[in-house]
Each structure stands twice: as structure tokens, then as C-alpha cells.
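# Fold and contact review
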Amino acid sequence: MIKKIALVLVIFQLSACAELQQVVNQLPNGIITNDQIGSGLKEALNNGITNQVSKLAVQDGFYKNELTKILLPEELQKVDNALRKIGLSNLADEGLKVLNRAAEDAVGEAIPIFVDAIKGMSFTDAKNILMGDKNAATLYLQGTTSDALYQKFNPIIANSFQKVGADKVWTDLITRYNNIPFVNKVNPDLTDYVTGEALRGVFKMVEVEELDIRTKVASRTSDLLKRVFALQDQ
């Protein structure tokens with residue numbers, strides 16, 4: 001039984017390679033190598049980081065980007081509403097802004113982590129990504145790096161909280177809220193929450209760039225990208 005399963009897997013892999021090779025053979029002006037396919041996918045992901053993720057690492061990169069803006073978790077929405085009702089709207093606004101500032105500050109320091117992760121992509125990974133769904137590259141990066149990136153991101157976010165003053169703002173906000181009579185007191189882990197939201201925003205922007213390259217020939221800014229992504233156009 002095991003031998004049969006192994007045989008099926010081998011046949012499937014050979015079939016997939018043959019299908020890709022058939023597409024390659026149909027391309028005009030010569031052959032594209034496995035190494036070039038892998039390099040093209042790595043270039044596309046690097047472009048996603050350079051062209052899109054780097055935009056998050058500036059002031060208002062998260063805060064004024066509707067795709068990535070970090071909103072308050074459900075637990076803190078009642079804090080926000082309560083403070084606004086007692087005339088502290090400006091403080092509530094500042095509380096939301098500093099969460100985004102912490103993410104903006106952290107992303108710039110973490111970009112090299114994403115770049116290093118891309119270097120480990122194999123040809124098999126590249127082949128599956130190229131012939132996969134429109135966000136296959138993003139899902140690959142997310143699946144292979146999320147845990148490690150979280151461990152790297154979390155202390156950066158914690159340090160960023162201190163750097164941008166988010167810890168002081170939210171200590172004040174939560175203290176004032178908890179002093180309101182008859183409310184259920186809160187003590188959320190904002191570092192954990194912002195870390196998760198920052199990673200979500202990063203992968204969202206990589207996905208934006210991937211979709212752009214897959215669907216718009218004009219976005220394939222190098223000869224290698226044009227040749228590699230022509231495979232998926234067949």
C-alpha cells in the first residue's frame with residue numbers, strides 16, 4: 001500500500017513538472033531555467049517588500065492606509081466609547097494613533113527578516129507558487145515565516161511602544177476608564193494585539209504587490225519577471 005501511494009506521488013510530481021515544462025517550451029525566444037523561475041519568484045516577493053511593505057514604515061504608513069490601519073480590539077472599543085462620552089475624544093484619538101505608530105516604527109526594523117526568509121525558497125516552492133492561486137506567494141511567505149516573525153516582531157513592538165509613548169498613553173486611557181463607576185475593568189495585552197495586526201498589514205501589502213505583478217504586465221519591471229510570469233499567463 002505504501003509503495004502504491006509513493007508511486008502515485010511520483011507520478012503526480014512528474015506530471016506537474018511535465019505540465020510546467022510544456023508551458024516553458026511554448027514560450028518564444030528560448031528556454032527559461034528552473035533557477036530563473038526561482039529567482040523570478042524571489043524577485044517578485046522582494047518587490048512586494050520594497051514597493052509596498054516599506055510604505056508602512058513611515059509616519060501614517062499604517063494609520064492612513066485603509067488596508068492596514070490598526071483599529072481597536074473589541075475589548076477596547078468600549079473603552080474608546082466610554083471616554084468619548086465623558087469628553088475625552090482627543091485622548092481616545094491619540095490612543096488609536098499611537099498603536100499605529102508603534103507598528104510603523106517596528107516594520108522598518110523587521111523588513112530584513114522577510115528578505116532573509118525569501119532566500120530559502122526552493123524551486124519546488126517557486127513552481128507551486130507560480131502555477132498556484134493569485135496569492136500563492138503571499139500564503140507561502142505567511143506560512144513559512146509567521147511564527148518566527150512573530151517572535152522577532154513582538155519585542156520590537158514592545159520597544160516601539162516605549163519609543164512612541166504608546167505605553168504611557170494607554171496606561172492613562174485604561175486607568176481613566178477603569179475609574180469610571182460600574183464598568184468592567186480591562187487590562188488588554190496591547191503588545192500582542194499590535195504585533196498580530198502589524199504582521200497582518202505586512203502580508204496584506206505583499207499580497208497587493210503579488211496581485212499587481214500577476215495581473216498587470218506593466219508591473220513586471222524586469223525581463224526576468226516578464227519571462228517567469230509569462231508562464232502563468234499561458
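Please read all numbers here as calculations on a predicted model, not as lab measurements.

## Examining the overall build of the protein
Summing up its helical and strand segments, the protein has nine helices and zero strands in all. Mapped in sequence order, the helices and strands of the protein form the string α-α-α-α-α-α-α-α-α. Of all 234 residues assigned to the protein, the portion counted as buried reaches 44%. Look at the contacts in the protein between residues 6 or more apart in sequence, and 84% of them connect residues 24 or more apart. Total accessible area computed for the protein in this model is approximately 12,800 Å², and 53% of it derives from carbon and sulfur atoms.

## Observations concerning empty space enclosed by the protein
Following the criterion strictly, the structure yields one cavity of 30 Å³ or more and no others. What the largest cavity holds in volume is close to 60 Å³. If you go around the largest cavity, the residues you meet are L41, A44, L45, G48, I129, A137, V206, E210, R214 and F229. Elements with a contribution of two residues or more to the lining of the largest cavity: α2 (34-52) and α8 (190-215). Of the residues forming the lining of the largest cavity, the biggest block, four residues, is contributed by α2.

## Some points on the packing of α2 against helix α4 (residues 89-119)
For the pair α2 and α4, interaxial distance at closest approach is 10 Å and the crossing angle is 170 degrees. Here α4 runs roughly antiparallel to α2, going by the angle between their axes. Here α2 contributes K42, L45, N46 and I49 to the contact with α4, which in turn contributes I111, F114, V115, I118 and K119. Here the contact of α2 with α4 is built from residues that sort into six nonpolar, one polar and two charged.

## Notes on the packing of α2 against helix α5 (residues 123-130)
Where α2 contacts α5, the axes come no closer than 9 Å and their chain directions differ by 65 degrees. Taken together, the axes of α2 and α5 are roughly perpendicular relative to one another. Here α2 runs over α5; the crossing is left-handed. In this structure, α2 contributes N34, I37, G38 and L41 to the contact, and α5 contributes F123, A126, I129 and L130. Looking at the contact of α2 with α5 residue by residue, the class counts come to six nonpolar, two polar and no charged.

## Here's the deal with the confidence of the model for the protein
For the protein, per-residue confidence averages 80 on the pLDDT scale, and residues scoring 70 or more make up 87% of the total. Element-level mean pLDDT values for the protein span from 37 in helix α1 (residues 2-26) up to 91 in α8. Taken together, the stretch residues 1-29 has pLDDT below 50 and engages in 19 contacts with residues farther than four places along the chain or on a different chain.

The rules we used
Position labels on residues start from 1 in each chain and follow its written sequence. Local features in this predicted model are restricted to residues of pLDDT 70 or higher, and side-chain atom pairs are both shown and tallied only at a pLDDT of 80 or more, whereas totals for entire chains, interfaces and linings draw on every residue. Side-chain numbers here rest on the full set of heavy atoms in the structure, without hydrogens or water. Strands here are runs of E lasting at least two residues and helices are runs of H or I lasting at least four, both read from the DSSP assignment and numbered beginning at the N terminus. For every residue, the accessible area (1.4 Å probe, protein chains only) is compared with the maximum for its type, and the residue is labelled buried under 20%, exposed over 50%, or partly exposed between those bounds. We call two residues in contact whenever any of their non-hydrogen atoms come within 4.5 Å of each other. Surface accessibility follows the Shrake-Rupley procedure with a 1.4 Å probe radius. Residue values consider only the protein chains on display as shielding. Put simply, the grid is 1 Å and covers the protein atoms alone, a cavity is a trapped set of points that fit a 1.4 Å probe, a pocket is an open set with protein on both sides within 12 Å along at least five of seven lines, and lining residues have an atom within 4 Å of a point. Grid points are joined across faces, edges and corners, and a volume is the space filled by probe spheres set on the points. Only the stretch in contact is used when fitting a helix axis, every axis being a line fitted to C-alpha atoms; angles between N-to-C directions are given from 0 to 180 degrees. Here the word oblique covers every angle except those under 35 degrees (roughly parallel), over 145 (roughly antiparallel) and from 65 to 115 (roughly perpendicular). Residues are sorted three ways: Asp, Glu, Lys and Arg are charged, Ala, Val, Leu, Ile, Met, Phe, Trp, Tyr, Cys and Pro are nonpolar, and all the rest, Gly among them, are polar. Here is the rule for handedness: rotate from the far helix to the near one, and if that takes an anticlockwise turn smaller than a right angle the crossing is left-handed, while a clockwise turn gives right-handed. Each residue carries a pLDDT score, the predictor's own confidence in it, on a scale running from 0 to 100.

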